[in-house]
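Chain by chain, the residues:
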Amino acid sequence: MLSVNRTAMPAVRELIDRRDELGVAVAEQENGATCIDCGVHVPGSYRAGSLFVETCLAGLATAAITMGRVGDVPVPFLHLTVSRPALACLGSQKAGWVLKAGGYSAMASGPARALSLKPKNTYKMLGYRDTSRTGILALEADTLPGEEVTGFIAEKCGIEPENLYVLVAPTRSLVGSVQISGRVVTATLHKLEEKGYDVHRISHAAGRSPIAPIKRTGIEAMGTTNDCNIYYGSVSLVAEGYDPVFATLPSQTSPDYGRPFARVLKDAGYDFLKVDSLLAFSPAEVTVNDSESGEVHHFGRLNADVLLESFGFL
């Protein structure tokens, strides 16, 4: 059976081997775990961000950055093509592990989730579990994990700490911006998963999303990075048969649509429970190619005005 941890390893090796030119730092802890800093104490780079995304998607995707426009404003865009979408997106990239160890907490994604089975219901649905002796985990966090944390991760994954690789990027960093734009396809599949759709029917996927500017605070960064996908993220799916659920995928179907995400959070008193939980898991537009009938369906639209307001241009 394909191992998502093994297929992700080439991207990790490139980060390690090209650390200086990519603006990342690599440290081996006393317990043997390898920690790759992609933005906590280092600047990172666009290529490091692309590799971070490819790692999270288990090496089953390509991530490329080009220039595009949001309205009349030139902005970098991340372009994705994903093979084995259900496994790559939900079985690896999905931030399905709320990691808490000692006083440390982070949202964890990446192929090591398939060793720890976080969360179990996702892997039960996928019918998958990795048995690799090597584990790779990506953390969205402002600080680097210590040995207590990496030891905890290794234990939960059933591997030795010296076989663990942990990538870390804060939301308020260049790599953080790239990696959240890189979730545009996964967010869409997660929404389908939550609605009970059989994600195995998605055979191919591609996506595009702007890369948010680096903001002053983590809250601001959380807003702008999510807005990239919510208001200007495009997803293309190849599906085995049409399903009415596809029409519900774009963000404009959410009652919280129309305002920058940071403002939605503020108006909710920063209580995520008061925000439509699926807003952040919605792209701006979706195109679905029904491979059985040959028909193509398009839902949603791009909204440059809200995204430029979120960026600070308006």
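The protein chain has the name Methenyltetrahydromethanopterin cyclohydrolase in an unreviewed UniProt entry, where Methanoculleus nereidis is given as its organism. A UniProt comment under Sequence similarities (unreviewed entry) is attached to the protein chain, and it reads "Belongs to the MCH family." Database annotation for the protein chain, UniProt heading Function (unreviewed entry): "Catalyzes the reversible interconversion of 5-formyl-H(4)MPT to methenyl-H(4)MPT(+)."

> For the overall build of the protein chain, give the residues involved together with the corresponding values.
The number of helices and strands found in the protein chain is 12 helices and 12 strands. Computed over C-alpha atoms, the radius of gyration of the protein chain comes to 18 Å, within 12% of the 20 Å expected from 2.2 N^0.38 for 314 residues, which places it in the range of a compact globule. Overall size of the protein chain, expressed as C-alpha extent along the three principal axes, is 50 × 45 × 35 Å. Expressed as a percentage of its 314 residues, the buried residues of the protein chain come to 58%. Long-range contacts, defined here as pairs at least 24 residues apart, represent 71% of the contacts in the protein chain between residues at least 6 apart. In the protein chain, 29 positive and 34 negative side-chain charges are present, and the distance between their average locations comes to 2 Å.

> Pulling in residues and values, what's your account of the sheet that holds strand 9 (residues 202–210)?
Read across the sheet, 6 strands follow the order 3-4-9-10-11-12 without closing on themselves; strand pairing throughout is mixed. Of all strands in the sheet, those bounded by a partner on one side alone are strand 3 (61–70) and strand 12 (296–300). For this sheet the average axis-to-axis angle between neighbouring strands, irrespective of direction, equals 15°. Pairing analysis gives 6 bridges linking strand 10 (residues 234–239) to strand 11 (residues 285–290), with the strands arranged parallel. If you follow leucine 237 over to strand 11, its bridge partner there is valine 288.

> Account for the pairing of strand 11, with residues named and values stated.
Looking at chain direction, strand 11 and strand 12 are connected through 5 bridges and run antiparallel. Of the residues in strand 12, the one forming a bridge with glutamate 285 is glycine 300. Turn length for the strand 11-strand 12 hairpin, with the two strands adjacent in sequence and antiparallel, is 5 residues, and the turn residue glycine 294 shows positive phi of about 85°.

> So what about the nonpolar core? Which residues, and what values?
Counting residues in each nonpolar core, the largest one holds 40 residues, and the members touching the most others are Leu80, Val185, Leu192, Tyr197, Leu237 and Phe246. No other element matches helix 4 (residues 85–93), which puts 5 residues into this core. Discounting residues that sit within four places of it in the chain, tyrosine 197 has contacts with Leu192, Ile202, Ala239, Asp243, Val245 and Phe246. The next biggest cluster of nonpolar side chains, apart from the first, holds 22 residues, and it includes Ala108, Leu139, Val149 and Ile159.

> Pulling in residues and values, what's your account of the pattern of salt bridges?
One pass over the full model with this rule turns up 8 salt bridges. With a closest N to O distance of 2.2 Å, glutamate 309 and arginine 263 form a salt bridge. Linking glutamate 309 in helix 12 (residues 304–311) with arginine 263 in helix 11 (residues 261–267), this pair joins segments that are 46 residues apart in sequence. One salt-bridge network, in which partners are shared between bridges, spans Glu14, Arg18, Glu21 and Arg47.

> Break down the environment of threonine 171 for me, with residues and values.
Structurally, threonine 171 can be placed in the loop between strand 8 (164–169) and helix 8 (174–181). Overall, threonine 171 belongs to the buried group, its relative accessible area being 13%. Distance from threonine 171 to glutamate 140, taken between C-alpha atoms, is 6.4 Å for residues 31 residues apart in sequence. Not counting the four nearest positions on each side in its chain, threonine 171 is found in contact with Glu140, Asp142, Gly176, Ser177, Ile180, Gly218, Ala221, Met222 and Thr225. Within the local environment of threonine 171, its side chain forms a polar contact with the side chain of glutamate 140, the two groups lying 2.5 Å apart.

> Account for the environment of threonine 224, naming residues and giving values.
Here threonine 224 is to be found in helix 10 (residues 218–232). Among the residues examined, threonine 224 registers a relative accessible area of 3% and is labelled buried. Along the chain, threonine 224 and valine 296 lie 72 residues apart, while their C-alpha atoms are 31 Å from each other. Excluding its chain neighbours within four sequence positions, the residues that come into contact with threonine 224 are Ala212, Pro213, Lys215, Ser310 and Phe311.

What counts and what doesn't
- Residues numbered from 1 in each chain as written.
- Predicted model: local features only at pLDDT ≥ 70, side-chain atom pairs only at ≥ 80, totals over all residues.
- Heavy atoms only, no water.
- UniProt positions renumbered as here; feature names shortened; annotations may be inferred.
- Helix = DSSP H or I, 4+ residues; strand = E, 2+ residues; numbered from the N terminus.
- Rg over C-alpha atoms; globule rule 2.2 N^0.38 Å.
- Buried < 20%, exposed > 50% of the residue type's maximum accessible area, 1.4 Å probe, protein only.
- Contact = heavy atoms within 4.5 Å.
- Lys, Arg positive; Asp, Glu negative; His and termini not counted.
- Charge placed at Lys NZ, Arg CZ, Asp CG, Glu CD.
- Pairing = 2+ DSSP bridges.
- Axes fitted to C-alpha atoms, helices over the stretch in contact; angles between N-to-C directions.
- Core = buried A, V, L, I, M, F, W, Y, C linked by side-chain atoms within 4.5 Å.
- Salt bridge = Lys/Arg side-chain N within 4 Å of Asp/Glu carboxyl O.
- Polar contact = N/O pair within 3.5 Å; in protein donor to acceptor, adjacent residues only side chain to side chain.

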